[in-house]
Amino acid sequence: MTLTIQERLGLLRKQMKKADVDAYIVHHSDPHLSEYIPDYWKEREWLSGFTGSAGTLVVTQKNAALWTDSRYFIQAEMQLSGTGIELCKIGMPETPDIQSWLALNLKQNSTVACNGLLISLSNQRTLSENLKAKRFKVKYDIDLVQGIWDNRPPIPQHKVFVHTAEFAKVSVQEKLGRIRKELLVRTATAYLMCALDEICWTFNLRGADISYNPVFLAYAIVDDDKATLYVDENKLTDEVIQFLANEQLTVKPYNKIFDKLAKLKKKDVLVLDPAKVNYSICSAIPSNIKIIEATGLATQIKARKQPVEVDGINDAMIQDGIAMVEFLYWLEQNVTSGKVTEITVAEKLLEYRSKRKNFVHESFGSIVGYADHGAIVHYSATPQTCYTIKPEGFLLVDSGGQYLNGTTDITRTIHLGNPTLQEKRDYTLVLQGMIRLSMAKFPRGTRGSQLDTYARMALWSQGLNYGHGTGHGVGYFLNVHEGPQQIRPENHLPIEPGMVMSNEPGLYRPNSYGIRIENLIVCVDDETNDFGSFLRFDTLTLCPIDTKAIDLDMLTVQEREWLNHYHQLVYLKLSPHLATEHEKWLKEITKPL
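Let me sum up the structure you'll find in this document. Everything numeric here is computed off the predicted structure, so don't read it as measured data.

Here's the deal with the overall build of the chain
Here is step 1: Along the backbone of the chain there are 18 helices and 28 strands.
Here is step 2: In terms of C-alpha radius of gyration, the chain reaches 25 Å, essentially the compact-globule figure of 25 Å for 593 residues.
Here is step 3: Here the chain holds 593 residues, and the buried ones make up 56% of them.
Here is step 4: Expressed as a percentage of contacts within the chain between residues at least 6 apart in sequence, the contacts between residues at least 24 apart total 69%.

Spelled out as C-alpha cells, the structure:
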C-alpha cells in the first residue's frame, strides 16, 4: 500500500525521536552531489512529493518546510498542496533561511541532523556555522530514511562503456597529463574526484546510472604516477576492463575509497573540491594530511572545450537541427487535428531524435508547456495535467539530446495562432535579449554576471525580468548542466574561450504563458589590439526561430541582421540533409525579414 506524505513524515519523526534528533534536513543529493540523481537517493522526493531537481526539506516533530528556487515555485505549490509542508521561496524577502526557520521552531541546544554522504564539505561548514550560531547541536552521521523507505529502488547497476577515441577526441593520457600538470603547479601528490562527470570525462568512460546523464557511480584518485577508479566491478564489461588495462588504470571496489583515504601518509598533499566532495568522504581523511581546496581540476579543464570537441558538437548540432526541423514541420501540419498534446509533443521529439546519427538518449526530460503551463519553468506534463494543444497561443518546448559527439539543449517558443500585441511585445523582448548576448563582444576576463546583463536589458527597460540564470555550461556527451561557467547574476567567474553555454532568457506570466528562446553558444577569441584581447560567442544550435510573434518595429537594424544571418546559416547547414518537403518548409520560414 502506498503511504501518504503525512504517513511518511510520521515514520521519519518516529526515527528522529529514537535517535534523539529534533530536526532532520533532507537534501536532494547523492554521495557524488549530482544535480540529477539516481532514484535510490531521491529521499526528499519520497518524503515530500516534490519532484524538482533543487530543493531541501526540513522536518521537526511538529512542522516541515521545503526550500526551492524560482524555477519551481509554481510546481512546488502544486505538489506540496495538502501535505502540510510549508513552501519557502528562496530569494523572496519574506523567506527565512533554514537556520532562522529552525530558530523559530526549536529550542536552543536542540539537535539538528542530516546524512553526511549527501552534503558537500563546503555546505556542511556553512550549515554548521549557521546552526551553531543559533545554539543548535549538529550531527552528520545519521541516515534516518534507510530504515523507513520500503520498496526503495535499488542502487543502479548499469554497465559502463568506453567513449571511443572517434568521439572522445582527446585521449585519457592527455587528460591525465593535464591534471598532473595542475598537481605539479600546486605541489600536490593526488587529486580526489567524486563528481561523476569529472570521472567519466577523465577516463573516457560513460554509463547510465542517472537518467539523461551518461555517467556511472564511481570515485577516482589521480596520483602523480597512477590513477585509480573506484567502481562496482560488476559494471565493467570485458571491453572496459581491457581498455582500462591498456591505459594502465587501476580498478578497486567502490567503497574502498574510504580505506584509501584513511591510509594516506603525512607526505601526501591532496587536492579536492569542497563543493564536489561529500562530508563523509572528507571525514575519512586523516587530520594530519595537507589538503588543498580548489575548483575541480578536471572541471576547470573540461569546461574549456578543445577545438576537436567543438567540431564534434557542431556535427551533433546538425543532427539535432534536422530532428527539430522535422518536429516543427510535423507540429505545423498536425496542430489543428485536436490530437496533439503536451505528451505527444515530447514523444515526437524523441522519435525524431532517435533516428539521428550518434543519438544515445535525451539530455533531460522534455519540457513542453502549452499556454499557462509554459509559465512553469521546469514543467513536466503528466496524464493528469496534460493539455491538448490548440491552434492558438504559445507553446514552449525545451528539449535536448545526448549524442556520442555532443550534448544539445534547445528551447523554442512557437505561437500557434494570431499573437496579441502584448504577446508580440513580450516575445520580441525575450528575442532581443537572446540576440544581444549572441552578439556580445567583450574583453578577456569578463565575468558571467556581467554578460548576464546583455540578455536582460531589453526586459528591464520595460520593467520585466526572469528569475533564472541566463546560461549554464553544457558537457561534451555529459551532463547538460556543467560548471563552473554560468551566465547569471551570482556567477563571477570569467567566461573563457572553449566554454560552451546556453543562452536562454525568458519571460513568464503566471496563468497566461511562458516564453523562452535558447541556443547553445561557445566562447571564442575575437581580436587582440592595443586595448587588450577581446572575445565573442559563436552560436552552435541550428534551428529556426519562430518569427510569427516578432514585432519587427522593436528590432534594431543589427538585431534584424543577426536573425537573418542566423536563419541563413540554419538553412545552409541543414537543407542538404532534409527531405524535399522539409527543405521547402525551412526555406520559406528562414526567408529574410
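Re unusual backbone geometry
Here is step 1: Following Gly483, the chain continues into Pro484 via a peptide bond in cis, with omega recorded as 5 degrees.
Here is step 2: Along the polypeptide, Pro484 turns up in strand E23 (residues 482–487).
Here is step 3: The phi dihedral of Asp20 is positive, around 60 degrees, even though this residue is not glycine.
Here is step 4: Positive phi values are uncommon outside glycine, yet Asn151 reaches one of about 55 degrees.

Notes on the packing of aromatic side chains
Here is step 1: Counted by the stated rule, this structure contains 14 aromatic pairs.
Here is step 2: On the basis of an interplanar angle of 85 degrees and a centroid distance of 4.9 Å, the ring pair of Tyr40 and Trp41 is categorised as edge-to-face. Of the two residues, Tyr40 and Trp41, both sit in the buried class.
Here is step 3: Relative to Phe537, the ring of Phe442 lies with its centre 5.2 Å away and its plane at 45 degrees, an arrangement referred to as tilted. A residue pair is termed long-range when its members are at least 10 positions apart, and Phe442 in strand E21 (residues 441–443) and Phe537 in strand E28 (residues 532–539) qualify at 95 residues.
Here is step 4: Linked through ring pairs, Phe394, Tyr427 and Tyr513 together constitute an aromatic cluster.
Here is step 5: When the ring centre of Tyr40 is taken as origin, the NZ or CZ atom of Arg152, which lies over that ring, is 4.0 Å away.

Section: helix H4 (residues 98–105)
Here is step 1: When we look at burial in H4, the residues that qualify are Ile98, Gln99, Trp101 and Leu102. Projected onto a plane normal to the axis of H4, the buried residues spread over an arc of 160 degrees and lie on a single side.
Here is step 2: Its buried side turned inward, H4 meets strand E1 (23–27), strand E2 (56–60), strand E3 (64–68), strand E4 (86–89), strand E5 (111–113) and helix H5 (121–133).

Concerning the nonpolar core
Here is step 1: Grouped together as the largest cluster of nonpolar side chains are 79 residues, with contacts concentrated most on Phe327, Leu331, Val345, Phe537, Ile545 and Leu574.
Here is step 2: Ranked by residues supplied to this core, first place goes to helix H13 (residues 307–334) with 12 residues.
Here is step 3: Ranked by size, the runner-up nonpolar core spans 61 residues in total, among them Val215, Leu236, Val277 and Ile289.

What to know about the sheet that holds strand E11 (residues 227–230)
Here is step 1: One open sheet holds the six strands; their spatial order is E12-E11-E10-E8-E13-E14, and the pairing between them is mixed. Whereas interior strands pair on both sides, the edge strands pair on one side only; in this sheet they are strand E12 (250–252) and strand E14 (290–293). Neighbour to neighbour, the strand axes of the sheet diverge by 20 degrees on average, direction disregarded.
Here is step 2: Of the strand pairs in this sheet, strand E8 (residues 190–193) and strand E13 (residues 269–272) are connected by two bridges, and their pairing is parallel. Residue pairing in the sheet places Tyr191 in a bridge with Val271 of E13.

Examining the packing of helix H17 (residues 557–574) against helix H18 (residues 580–589)
Here is step 1: Two elements in contact, H17 and H18, have axes whose closest approach is 9 Å; the angle formed by their N-to-C orientations is 165 degrees. What the angle tells us is that H17 and H18 run roughly antiparallel. Along this stretch, H17 crosses H18, giving a crossing that reads as left-handed. Each of His567, Val570, Tyr571 and Leu574 in H17 lies in contact with H18, whose residues at this interface are Glu583, Leu586, Lys587 and Ile589.
Here is step 2: Residues that form the contact of H17 with H18 fall into these classes: five nonpolar, one polar and two charged.

As for the pattern of salt bridges
Here is step 1: One pass over the structure, following the stated rule, counts 30 salt bridges.
Here is step 2: For Glu490, the salt bridge goes to Arg488, with nearest N and O atoms at 2.9 Å.
Here is step 3: Of the residues examined, Arg488 reaches a relative accessible area of 26% and is grouped as partly exposed.
Here is step 4: One salt-bridge network, in which partners are shared between bridges, spans Lys441, Asp526, Glu527, Arg536 and Asp538.

Examining the sheet that holds E3
Here is step 1: As summarised here, the arrangement of the six strands in space is E4-E3-E2-E1-E5-E6, forming an open sheet in which the pairing is mixed. In this open sheet, the two edge strands, each paired with only one partner strand, are E4 and strand E6 (137–139). The sheet shows a mean angle of 20 degrees between the axes of neighbouring strands, direction not considered.
Here is step 2: Sheet topology places E3 next to E4; four bridges connect them, and they run parallel. Bridge assignment links Thr68 to a residue of E4, and that residue is Lys89.
Here is step 3: The strands touched by helix H1 (residues 5–18) within the sheet are E1, E2 and E3, with E2 carrying the most contacts at an inclination of about 65 degrees.

Scoring rules and cut-offs
- Residues numbered from 1 in each chain as written.
- Predicted model: local features only at pLDDT ≥ 70, side-chain atom pairs only at ≥ 80, totals over all residues.
- Heavy atoms only, no water.
- Helix = DSSP H or I, 4+ residues; strand = E, 2+ residues; numbered from the N terminus.
- Rg over C-alpha atoms; globule rule 2.2 N^0.38 Å.
- Buried < 20%, exposed > 50% of the residue type's maximum accessible area, 1.4 Å probe, protein only.
- Contact = heavy atoms within 4.5 Å.
- Phe/Tyr/Trp six-rings, centres within 6.5 Å; stacked < 30°, edge-to-face > 60°.
- Lys NZ or Arg CZ within 6 Å of the ring centre and 35° of its normal.
- Arc of directions from axis to C-beta.
- Core = buried A, V, L, I, M, F, W, Y, C linked by side-chain atoms within 4.5 Å.
- Pairing = 2+ DSSP bridges.
- Axes fitted to C-alpha atoms, helices over the stretch in contact; angles between N-to-C directions.
- Parallel < 35°, antiparallel > 145°, perpendicular 65-115°, else oblique.
- Left-handed = near helix turned anticlockwise from the far one by under 90°.
- Nonpolar A, V, L, I, M, F, W, Y, C, P; charged D, E, K, R; others polar.
- Salt bridge = Lys/Arg side-chain N within 4 Å of Asp/Glu carboxyl O.

Honestly, that's just the spatial picture; any functional story needs more than this.
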